[in-house]
Amino acid sequence: MGFRLHTILKGSVTSSQAKSKSVEVRKGYVAVYVGEKLTRFIVPVSYLNQPSFQDLLNQAEEEFGYDHPMGGLTIPCTEDVFQHITSCLNGP
């Protein structure tokens, strides 16, 4: 499927072609890695307070603890599930 590059907009989920830790994340956003290929998504920090996203964070804690060597959070779900959850957070 490959990586997609989207414009960062408030409330949007983006993925980056670069997997380098040196790619900066703008203030107010956090990098997360999702799926088997560890696709990098940049999400607004406001998502961290949402119950559905907190469920993902709890799964990440159970599976990985607090060790995330990629430089961002590793979320243990498929890209499709992640995109579905975050699309619901973006609103209509």
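No experiment lies behind these values; they were computed from the predicted model shown. (Residues numbered from 1 in each chain as written. Predicted model: local features only at pLDDT ≥ 70, side-chain atom pairs only at ≥ 80, totals over all residues. Heavy atoms only, no water.)

1. Section: the packing of helix α1 (residues 51-64) against helix α2 (residues 79-90)
How two helices pack is summed up by the angle between their axes together with the distance between the axes.
And then number 1: It is at 9 Å that the axes of α1 and α2 come closest, and there the two elements cross at 150°. It follows that α1 is roughly antiparallel to α2 by the angle criterion. On α2, the residues touching Ser52, Phe53 and Leu56 of α1 are Phe82, Ile85, Thr86 and Leu89. (Axes fitted to C-alpha atoms, helices over the stretch in contact; angles between N-to-C directions. Helix = DSSP H or I, 4+ residues; strand = E, 2+ residues; numbered from the N terminus. Parallel < 35°, antiparallel > 145°, perpendicular 65-115°, else oblique. Contact = heavy atoms within 4.5 Å.)

2. Observations concerning the confidence of the model for the chain
And then number 1: Of all residues in the chain, 68% attain a pLDDT of 70 or more, and the chain-wide mean is 76.
And then number 2: Ranking the elements of the chain by mean pLDDT puts strand β1 (residues 14-15) last with 49 and strand β3 (residues 39-44) first with 92.
And then number 3: Contacts from residues 1-12, a stretch scored under 50 in pLDDT, to residues over four places away or in other chains number 35 contacts.
And then number 4: Of the regions scoring below 50 in pLDDT, residues 15-20 engages in 20 contacts with residues more than four places distant in sequence or in other chains. (pLDDT = per-residue confidence, 0-100.)

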